[in-house]
Amino acid sequence: MGLTYLGRYEAGERVGQGGMAVVYRGEDRVLHRPVAIKVLHPHLLDRPEARARFAREATVIAKLRHPNIVEVYDVSGEDAGQAFIVTEFVDGPALSEFLVRHGPLLPELAAAIVATVARALAHAHGRGVIHRDVKPENIMVRRDGVLKLMDFGIAHVTDMEHLTMTGAVLGSPAHMSPEQVDGQALDARTDIFSLGTLLYLLASGRYPFQSDTPSGLLRAIAEGRYPDIRTVRPDFPDDLHAVLSRMMARSPA
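Residues numbered from 1 in each chain as written. Predicted model: local features only at pLDDT ≥ 70, side-chain atom pairs only at ≥ 80, totals over all residues. Heavy atoms only, no water.

Visitor: Can you tell me about the overall build of the protein chain, naming the residues and giving the values?
Guide: Within the protein chain, the secondary structure is distributed over 8 helices and 10 strands. What you see for the protein chain is a C-alpha radius of gyration of 19 Å, in line with the 18 Å of a compact globule of 253 residues. If one aligns the C-alpha atoms of the protein chain with their principal axes, the spans along those axes are about 55 × 40 × 35 Å. Surface summary for the protein chain: the accessible area is close to 12,400 Å², and the carbon and sulfur share equals 53%. A gap of 1 Å separates the mean positions of the 28 positive and 31 negative side-chain charges of the protein chain. (Helix = DSSP H or I, 4+ residues; strand = E, 2+ residues; numbered from the N terminus. Rg over C-alpha atoms; globule rule 2.2 N^0.38 Å. Areas by Shrake-Rupley, 256 points an atom, 1.4 Å probe, with all protein chains shown as cover. Lys, Arg positive; Asp, Glu negative; His and termini not counted. Charge placed at Lys NZ, Arg CZ, Asp CG, Glu CD.)

This is how it looks when you write it as structure tokens:
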């Protein structure tokens, strides 16, 4: 028997872990369905900014109702001894793992995946939510093929006070937009740029921006320097390349 949260969610095996939290597969003993229980690391409980950012993720996702966005079921109270979020359990691998297993995808399949994620992001953008960390590790591939966008931990909500971590650049460097690297104000177009890097990765098997050093990587992104995908994937269609080029344009405009 694992730990039980809110008297109904029983935690089982650990299925994931990140810098802020650990994720368990659990069981809703009332509705008899699997759930995912995301628990904030104990060493972060005494850090108000960490608890606030963690709680805000639940608030953000609760605003969204889309078949390709993970659904929140429950959340710990503000005064709870532990901080946790209960969501639907997605039975399947992350898109990053799927890519490792299957290698570069046909450009048309890569585009179809990106289009599905784009629809989920359009729903979020329409409700004032910018994800800011679109990457294959944050997209789950359910066993039946349904994609689920998750991990809104650093999302920016345009109608809420913006939480930041002093001196930190939030987001995954390989998928950052130039405006993120430059520390500029962000809008929904930053997610479009990240979607472009995702399309590039899925179709070619390599990241568009590469460097031996973190500073070199950020500089390449800031300058918008990346190889034409057709040099890596010669069968990449010209019309799709036109779309990709617009998604990854150096200027948000």
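Visitor: Tell me about unusual backbone geometry, and name the residues and values.
Guide: If you check the backbone angles, His32 has positive phi at about 55° while not being a glycine. Within the element layout of this structure, His32 appears in the loop between strand S3 (21–28) and strand S4 (33–40). Among the residues examined, His32 registers a relative accessible area of 62% and is labelled exposed. Of note in the backbone geometry, Arg132 takes a positive phi value of approximately 75° without being a glycine. Exposure remark for Arg132: the relative accessible area of 9% places this residue in the buried category. (Buried < 20%, exposed > 50% of the residue type's maximum accessible area, 1.4 Å probe, protein only.)

Visitor: So, the sheet that holds strand S2 (residues 9–17): which residues are in play, and what are the values?
Guide: Reading across the sheet, the 6 strands line up as S1-S2-S3-S4-S6-S5 and stay open at both edges, with antiparallel pairing between neighbours. Lying at the two open borders of the sheet, with one neighbouring strand each, are strand S1 (4–5) and strand S5 (72–75). Bridge analysis of S2 against S3 gives 6 bridges, and the strand direction is antiparallel. In the strand pairing of S3, Arg14 is matched with Tyr24. Along the sheet face, helix H1 (residues 48–62) touches S3, S4, S5 and strand S6 (84–88) and points at about 150° away from the line of S4. (Pairing = 2+ DSSP bridges. Contact = heavy atoms within 4.5 Å. Axes fitted to C-alpha atoms, helices over the stretch in contact; angles between N-to-C directions.)

Visitor: So what's going on with the pairing of S4? Which residues, and what values?
Guide: For S4, a buried count of 6 out of 8 residues is recorded, marking the element as mostly surrounded by other parts of the structure. Pairing between S3 and S4: 8 bridges, direction antiparallel. Bridging across to S4, Gly26 finds its partner in Val35. Hairpin connection between S3 and S4: a loop of 4 residues separates the two successive antiparallel strands, and His32 in this loop has a positive phi of roughly 55°. Relative to S6, S4 runs antiparallel, the two sharing 5 bridges. Its bridge partner lying in S6, Val35 is registered against Glu88.

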